[in-house]
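If you want the building blocks of each chain, they are given just below.
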Amino acid sequence: MIPTKKTKLSFLAKFFELQTKMLWSTKQLDTHMYSSSPLEWPLLDKNIAYWIDTKTSSQIHLLGNIMIWYTGTTALILYILLNIFYVLRRRRLHFDLPENEWHRFRQVGDSFLVAYFIHYLPYFTMDRALFLHNYLPAFLFKILLLCYVFEHIDYLLRLHCYVNCKFTVKGTLHPQRI
């Protein structure tokens, strides 16, 4: 696989060569010092060392921001719980959200949640060495869901304050969408 002479490849040829080497070499790996299972990814239990200098012990690691990682996982669980809560309340004919906000909550949140699981769940079926970087596409949708949950909580607080606050300036706390 390693050429013995200097080669001159175009960008696309180099790109495809790199992709095929990565695809076939990771299939041959059973275990690795920095490999991890998909169960470790949502809580950032393991990192990846990209570079280690043997002389000075300097290291470069892929390690996410733990604050974002944990709040993202919390927001994922919170969205699922809110969704269950709203569905059960709607079955009892108690509508906590206006109809347009309910449809928006389900459409946007479910899109991010489904995309997260589409990018996360297939790794449970793979029996090869997996690394934290395999989780990054799913992590992107977890961040989007985190932002949406924050926006929804802001909407709920504004809705609550608009209904329950006596001294408000006209229109300042009304939970309207732009």
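On a predicted model such as this, the values are computed, not experimentally measured, just so you know.

As for the pairing of strand 1 (residues 48–52)
- As judged from the four bridges shared by strand 1 and strand 2 (residues 59–62), these two strands associate in the antiparallel manner. Among the inter-strand pairings, isoleucine 48 is bridged to a residue of strand 2, identified as leucine 62.
- Hairpin connection from strand 1 to strand 2: six residues lie between these consecutive antiparallel strands, with serine 57 at a positive phi of about 60 degrees.

Digging into the packing of aromatic side chains
- Under the defined criterion, the tally for this structure stands at 19 aromatic pairs.
- Taking 6.1 Å as the distance between ring centres and 90 degrees as the angle between the ring planes, the aromatic pair formed by tyrosine 86 and tryptophan 102 counts as edge-to-face. Pair noted here: tyrosine 86 is in helix 2 (residues 66–91) and tryptophan 102 is in helix 3 (residues 99–120), with a separation of 16 residues, a long-range link. Across this residue pair, the class does not change: tyrosine 86 and tryptophan 102 are buried.
- Taken together, a centroid distance of 6.3 Å and an interplanar angle of 45 degrees make the contact between tyrosine 135 and phenylalanine 139 tilted. Comparing tyrosine 135 with phenylalanine 139 shows no difference in burial state: the two are buried.

Remarks on helix 3
- Relative to the 32 Å expected for 22 residues at 1.5 Å per residue, helix 3 spans 31 Å between its end C-alpha atoms, a close match to the ideal helical length.
- Among the residues making up helix 3, those that are buried are Glu101, Trp102, Phe105, Gly109, Phe112, Leu113, Ala115, Tyr116 and Tyr120.

Regarding helix 2
- The end-to-end C-alpha distance of helix 2 is 38 Å, a good match for the 38 Å that 26 residues give at a rise of 1.5 Å each.
- Within the span of helix 2, buried status applies to Trp69, Gly72, Thr73, Ala75, Leu76, Tyr79, Leu82, Asn83, Tyr86 and Arg90.
- The N-capping residue of helix 2, defined by a side-chain oxygen 3.0 Å from the backbone nitrogen of methionine 67, is asparagine 65.
- Directly after helix 2, the chain includes leucine 93, whose backbone phi takes a positive value near 60 degrees.

Focus on the nonpolar core
- The biggest cluster of nonpolar side chains holds 30 residues, and the ones touching the most others in it are Trp41, Phe105, Leu132, Tyr135 and Leu145.
- Those elements that place two or more of their residues in this core are helix 2, helix 3 and helix 4 (136–164).
- Per-element tally for this core: the top contributor is helix 4, with seven residues.
- In this structure tryptophan 41 touches Ser36, Trp69, Tyr120, Tyr123, Leu130, Phe131, Leu132, Asn134 and Tyr135, once residues within four positions along its chain are discounted.

Notes on the side chain of lysine 142
- Residue position: lysine 142 is located in helix 4.
- Reaching out from lysine 142, the side chain makes a polar contact with the side chain of threonine 73 at a distance of 2.8 Å.
- Excluding residues that lie within four positions of it along the chain, lysine 142 makes contacts with Pro42, Trp69, Gly72, Thr73, Tyr116 and Tyr135.

Considerations on the side chain of threonine 73
- With respect to the helices and strands, threonine 73 occurs in helix 2.
- Given a relative accessible area of 11%, threonine 73 falls into the buried group.
- Among all residues touching threonine 73, those that are not within four sequence positions of it are Pro42, Leu43 and Lys142.

Description of the pattern of salt bridges
- Under the criterion given, the structure shown has five salt bridges.
- Between arginine 104 and glutamate 151 there is a salt bridge, with its nearest N and O atoms 2.9 Å apart. Residue arginine 104 is located in helix 3, and its partner glutamate 151 is located in helix 4; the two are separated by 47 residues in the primary sequence.
- We classify glutamate 151 as partly exposed; its relative accessible area is 30%.
- Across the pair arginine 158 and aspartate 154 runs a salt bridge, and its minimum N-O distance is 3.2 Å. Here arginine 158 pairs with aspartate 154, and both are found in helix 4, just four residues apart, close to one helical turn.
- Arginine 158 gets classed as partly exposed once you look at its relative accessible area, which sits at 34%.

Calculation rules
Residues numbered from 1 in each chain as written. Predicted model: local features only at pLDDT ≥ 70, side-chain atom pairs only at ≥ 80, totals over all residues. Heavy atoms only, no water. Pairing = 2+ DSSP bridges. Helix = DSSP H or I, 4+ residues; strand = E, 2+ residues; numbered from the N terminus. Phe/Tyr/Trp six-rings, centres within 6.5 Å; stacked < 30°, edge-to-face > 60°. Buried < 20%, exposed > 50% of the residue type's maximum accessible area, 1.4 Å probe, protein only. Expected span 1.5 Å × (residues − 1). Polar contact = N/O pair within 3.5 Å; in protein donor to acceptor, adjacent residues only side chain to side chain. Core = buried A, V, L, I, M, F, W, Y, C linked by side-chain atoms within 4.5 Å. Contact = heavy atoms within 4.5 Å. Salt bridge = Lys/Arg side-chain N within 4 Å of Asp/Glu carboxyl O.

That is the geometry; function is a separate question.
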